[in-house]
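Chain by chain, the residues:
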Amino acid sequence: MVLLWLALVGTLQVARLKNYQDTVLFELKWDRRYPWRFSRSGNTFTVRFEGTSYKGPLRVERDWPLLRRIDVKTSSWSTRFTFTLPHRNFRVRIHPVKGGIAIWIYRHGQSSRAPPASGGGHAIRRIVIDPGHGGKDPGAIGWGGVREKTITLQVARKVAFYLKKWAPDLEVRLTRTRDVFVPLAKRGEMANRWGADLFVSIHCNYARNRRVRGLETYFLSDAKTKWARAVANFENGALRYEVEDEEILQDVLKGILSDLAQNAFLIQSQDLALTLHETILKTTRQPDRRVRQAGFYVLSKAYMPAVLIEIGFISNPREARLLASSSFQDRIARGIARGILRYIRVYARKNGGT
Ligand SMILES: [Zn+2]
């Protein structure tokens, strides 16, 4: 009788347990769909399955940023998985997949640092400049073989130079200072860990139509146009150098806008984008391709006002030549540095600071 019952209830088995930066995937295989219930409390959450037992270890320990431990309690009629995380800043998404169920854990909410700049009274002191791409990821290859990763680094260095020259009180860091590969999520994480107040990512644009040129500045939100979505897709494509699993990649991309952390900074990011865009145009006199919004993965990982600047089209012969020249890079860098300082002044006024 007992044997028959066991045969009827079937079992759950672990199919996958994977960690990717701020995401954990726990996948169970099942013989048929079982009802489940989810509950959370503090830094733990529980998923309970009815009508099924479980075969496998009863405790799994991991030293991951989003997972410490999974404890399993199982009987012939139900199984309970309890997940213990190092903190309570997480979200969970559970959905059936082919032949089983997937449990995703995402990081969510503020990093451990003090409240965001919007809290008021908090001065802007730390700036992170993020030169796009690097190492095995060249970014876009432009007219005459110009590489995006080279230009972004050169411009970022100049931005840091001008910021330090004009505002010695500011602390400025680059996410990379050499031609090395840095994963997209790590760029935001570096800024979070350091307690940065602003995040400015520098990129070069690319279009099939070689005549297109000009400046575009982005903040993180739903893409409003096909073009904005295409630009974000290209930049997010750098993830392919880090994630081999296509399914995880797709899920990571889908999660970009569902991570509400950046929403807290939507207004500031938009202000920052507008300010930078204007000041750069003043120094470079490029065609104005406007401030836009789209789902950039690199921005979604930075929990502070964050923008991405497409400083020009390396697919345009004329602009590619300019972008590769030290004097034009200097003009862009001065525009960015001026924009950052102007944003800080306006922000300080809004907050009654000095
Ligand atoms: Zn890029």
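Note that this is a predicted model, so its numbers are computed, not measured.

### Thoughts on unusual backbone geometry
Working note: non-glycine residues mostly have negative phi, and peptide bonds are mostly trans. In this structure, His133 takes a positive phi of about 65° despite not being glycine. For Arg285, which is not glycine, the phi dihedral falls at a positive 60°. Inspection of the secondary structure puts Arg285 in the loop between helix H6 (266-284) and strand E15 (288-294).

### A look at the nonpolar core
Note that soluble globular proteins tend to have their nonpolar side chains buried in a common cluster. Grouped together as the largest cluster of nonpolar side chains are 68 residues, with contacts concentrated most on Leu198, Val307 and Ile336. If you tally residues by element for this core, the top one is helix H9 (residues 326-350), at 9 residues. Excluding residues within four positions of it along the chain, Ile336 makes contact with Val159, Val200, Leu276, Ile280 and Ile309. In this structure, Val24, Phe45, Leu66 and Ile103 belong to the second largest nonpolar core, which totals 18 residues.

### Brief notes about the sheet that holds strand E16 (residues 306-313)
Strand order in this open sheet of 6 strands is E12-E11-E13-E16-E14-E15, and the pairing throughout is mixed. With one partner strand each, in any of the chains shown, strand E12 (171-174) and E15 form the two edges of the open sheet. When strand polarity is set aside, the average angle formed by the axes of neighbouring strands in this sheet is 20°. The pairing of strand E11 (residues 126-131) with E12 spans 4 bridges and is classified as parallel. Looking at the pairing, Val128 lines up with Arg173 of E12.

### With respect to the pairing of strand E7 (residues 67-74)
When strand E6 (residues 59-64) meets E7, the two strands line up antiparallel, connected through 4 bridges. Bridge pairing links Val60 to Ile70 in E7. In this antiparallel pair of consecutive strands, E6 and E7, the connection spans 2 residues. Here E7 runs beside strand E8 (residues 78-84); their pairing, made up of 6 bridges, is antiparallel. Across the sheet, residue Arg69 finds its bridge partner in E8, namely Thr84.

### Observations concerning the pairing of strand E9 (residues 90-97)
Every regular strand shows the same layout, with side chains that alternate between the two sheet faces. Sheet topology places E9 next to strand E10 (residues 100-107); 8 bridges connect them, and they run antiparallel. Each bridged residue has a counterpart across the sheet, and for Arg91 the counterpart in E10 is Tyr106. Connecting the antiparallel pair E9 and E10 is a turn made up of 2 residues, with Gly99 showing a positive phi of about 75°.

### Describing helix H2 (residues 148-166)
With 19 residues, H2 extends 27 Å between its outermost C-alpha atoms, agreeing within 8% with the 27 Å of an ideal straight helix rising 1.5 Å per residue. Those residues of H2 that sit buried are Glu148, Lys149, Ile151, Thr152, Leu153, Val155, Ala156, Lys158, Val159, Ala160 and Leu163.

### Some details on the environment of Gly142
Within the element layout of this structure, Gly142 appears in the loop between E11 and H2. Along the sequence, Gly142 and Asn205 sit 63 residues apart, while their C-alpha atoms lie 9.1 Å from each other. Leave out the neighbours within four places in its chain, and Gly142 touches Glu148, Cys204, Tyr206, Ile314, Ser315 and Ala320.

### Focus on the sheet that holds E6
Ordered in space as E3-E4-E8-E7-E6, the 5 strands form an open sheet in which the pairing is antiparallel. Because the sheet does not close on itself, it has two edges, and the strands there are strand E3 (36-41) and E6. Taking each pair of neighbouring strands and ignoring which way they run, the sheet shows an average axis angle of 15°. Pairing geometry for strand E4 (residues 44-50) and E8, over 7 bridges, is antiparallel.

About the criteria used
Residues numbered from 1 in each chain as written. Predicted model: local features only at pLDDT ≥ 70, side-chain atom pairs only at ≥ 80, totals over all residues. Helix = DSSP H or I, 4+ residues; strand = E, 2+ residues; numbered from the N terminus. Core = buried A, V, L, I, M, F, W, Y, C linked by C-beta atoms within 7 Å. Buried ≥ 20, exposed ≤ 12 C-beta atoms within 10 Å, placed from the backbone. Contact = placed C-beta atoms within 7 Å. Pairing = 2+ DSSP bridges. Axes fitted to C-alpha atoms, helices over the stretch in contact; angles between N-to-C directions. Expected span 1.5 Å × (residues − 1).

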